[in-house]
Amino acid sequence: MKRILLSVSTAALFFAYSCKNSQNSKQDTVQHQVVKSNITDEQLMDKVQKDALKYFWDYAEPNSMLGRERYHEDNIYPDNDKHVITTGGSGFGLATILVGVERGFVPRKDAVKRLTRIMDFLAKADRHKGAWSHWINGETGKTVPFGKKDNGGDLVETAFLTSGILMVREYFKNGNAEEKTLAQKCDELWKGIQWNWYTKGGEKVLYWHWSPEYQWEMNFPLEGYNECLITYILAASSPTYSIDAETYYKGWTRNGTYLTDKTKYGLPLYVKHNYAEEYGGPLFWAHYSYIGLDPTGLSDKLVKNYFDLNKNQVLIDYKYCVENPKQWKGYGPNYWGLTASYTRNDDGGTGYTAHMPSNDNGVITPTAALSSFPYTPKESMDFLRFIYTQKPQFIGSAGPYDATSINYDNWFTPRYLAIDQGTIAPMIENYRTGFLWKLFMNAPEIQQGLKKLSFKSTKYGIK
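- Named according to an unreviewed UniProt entry, the protein chain is Beta-glucosidase originating from Chryseobacterium daecheongense.

**Considering the pairing of strand β12 (residues 340–344)**
Alright, step 1. Burial analysis of β12 places 5 of its 5 residues in the buried class, which makes it a mostly covered element.
Alright, step 2. Examined bridge by bridge, β12 and strand β13 (residues 350–354) share 5 bridges and lie antiparallel to one another. Counted as the bridge partner of A340 is A354 from β13.
Alright, step 3. What sits between β12 and β13 in their antiparallel hairpin is a turn of 5 residues, with G348 showing a positive phi close to 90 degrees.

**Quick look at the packing of aromatic side chains**
Alright, step 1. Enumeration according to the criterion identifies 37 aromatic pairs in this entry.
Alright, step 2. Relative to Y71, the ring of Y59 has its centre 4.3 Å away and its plane inclined at 5 degrees; by these criteria the two rings are stacked. Here Y59, found in the loop between α1 (41–57) and β3 (70–72), pairs with Y71, found in strand β3; they are 12 residues apart in sequence, far enough to count as distant.
Alright, step 3. Ring centres of W197 and W210 lie 5.4 Å apart, and the angle between their planes is 85 degrees; on these two criteria the pair is classed as edge-to-face. Taken together, the positions of W197 in the loop between α5 (177–191) and β8 (209–210) and W210 in strand β8 put the pair 13 residues apart, joining distant regions of the chain.

**Remarks on the pairing of β13**
Alright, step 1. Within β13, 5 of the 5 residues are buried, which leaves the element mostly enclosed by the surrounding structure.
Alright, step 2. Covered by surrounding structure in β13 are T350, Y352 and A354 together with G351 and T353, the residues of both alternating faces.

**Quick look at the packing of helix α2 (residues 87–102) against helix α3 (residues 108–124)**
Packed helices, taken two at a time, are described by the angle their axes make and the gap between the axes.
Alright, step 1. The geometry of α2 relative to α3 is characterised by a closest axis approach of 10 Å and an angle of 165 degrees between their N-to-C directions. Put simply, α2 runs roughly antiparallel to α3. For α2 against α3, the interelement crossing comes out left-handed. Residues L94, I97 and V101 of α2 form the contact with α3, whose participating residues are R108, A111, L115, I118 and M119.

**Structural notes on the confidence of the model for the protein chain**
Alright, step 1. Within the protein chain, residue pLDDT values average 93, and 93% of them lie at 70 or more.
Alright, step 2. Confidence drops under a pLDDT of 50 for residues 1–29, and excluding neighbours within four residues, the segment shows 88 contacts in the predicted structure.

**Focus on helix α6 (residues 229–237)**
Alright, step 1. Judged by how many residues are buried, α6 sits mostly within the fold: 9 of 9 residues are covered.
Alright, step 2. When we look at burial in α6, the residues that qualify are L229, I230, T231, Y232, I233, L234, A235, A236 and S237.
Alright, step 3. Structurally, α6 contributes buried residues whose contacts are with α4 (155–172), α5, α7 (245–252), α8 (306–323), α13 (435–441) and α14 (444–452).

Definitions and limits used
- Residues numbered from 1 in each chain as written.
- Predicted model: local features only at pLDDT ≥ 70, side-chain atom pairs only at ≥ 80, totals over all residues.
- Heavy atoms only, no water.
- Buried < 20%, exposed > 50% of the residue type's maximum accessible area, 1.4 Å probe, protein only.
- Helix = DSSP H or I, 4+ residues; strand = E, 2+ residues; numbered from the N terminus.
- Pairing = 2+ DSSP bridges.
- Phe/Tyr/Trp six-rings, centres within 6.5 Å; stacked < 30°, edge-to-face > 60°.
- Axes fitted to C-alpha atoms, helices over the stretch in contact; angles between N-to-C directions.
- Parallel < 35°, antiparallel > 145°, perpendicular 65-115°, else oblique.
- Left-handed = near helix turned anticlockwise from the far one by under 90°.
- Contact = heavy atoms within 4.5 Å.
- pLDDT = per-residue confidence, 0-100.

Given below as structure tokens:
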């Protein structure tokens, strides 16, 4: 499979898969377990968290133990990329494993052994000014090009991975000798990332990519609102290669011009979502940066409450699905959520697209609603209960499949992607206990970095 730019915008990093040998798999590839309707909410959340954990625990790439880019129950891998691991999705996987330890789903000692092996692999893998590439060969540690010129460092994917690395460090840093050694390995990886290199010689903006072969030819500055906020937070927080506040406010906020007074369904959007200003972008924008970064009571010079920003984006998506202007069968209060994922092609095969209200083709992605639990607990629970008790064909060996459609005769693809499955357990846990948020937000460097950027948090006493 090759990812190609979608026609949303040549400047927007939305990708589509060109899939060959794909199939419409309505067949059951696993023995589906029927969940009784009297299951409690707590039991349901336990179940989906356990199921999503399997992606990173049972189906991890066997050498690196990191998250595969994709796991297909149908065992069809058109590009023979079963061994390819994904950097960002693996970061979400680290957070998922921590949830597993905290909830007793996996033994702590086994997790320490697994995580130590992961950090040792990452230390030896190809790095580009400290950053990892988007894809890595799990067998060799070598960079796997994501595109012809995208064969070097990927700062955004590195940020998602680093968020997970820091949470692992914080969780184990006061443990036994083996756990402290693991925490030290995490610390060394974190300190080796040259965030300020990715300003292209001191420009007041971060760039997504750098390649030793193609240098800055990808030319993708991180600006305006999308999923990349955590990249700036980590870059400002680095004790070794940090950026200044001017880079954040001139670059990320486009000199403060990314605010908006637009509303949808009576809900303020607050910021201009890149190339999706009417409804907001795909819902992963409310998830990826917020696995560790707690938006509750969080503000900076421009955005007064990040939780409200994210909550409104999710509610707008929800209300759009309930309104259902395209009249897709099945859409409603129990079946909603549009985000980037696998999708159903016109011929019934499996493709990839960034689903959102402005790019809606009748496919619902379970991670969209499930990873939105902190913002919409009732609506997300309604979705969770519906698919587990009413649509067992949508549930596979690692939880809800990546893409589903009631409209197309209960179509689904028996496939998973790390970046989608990896946000489910962490965001549900943040709703339940705030566990990962507390780990990340209490890291000393993160507190200093947030202060540097004039962030305030009423919850964590950052002023």
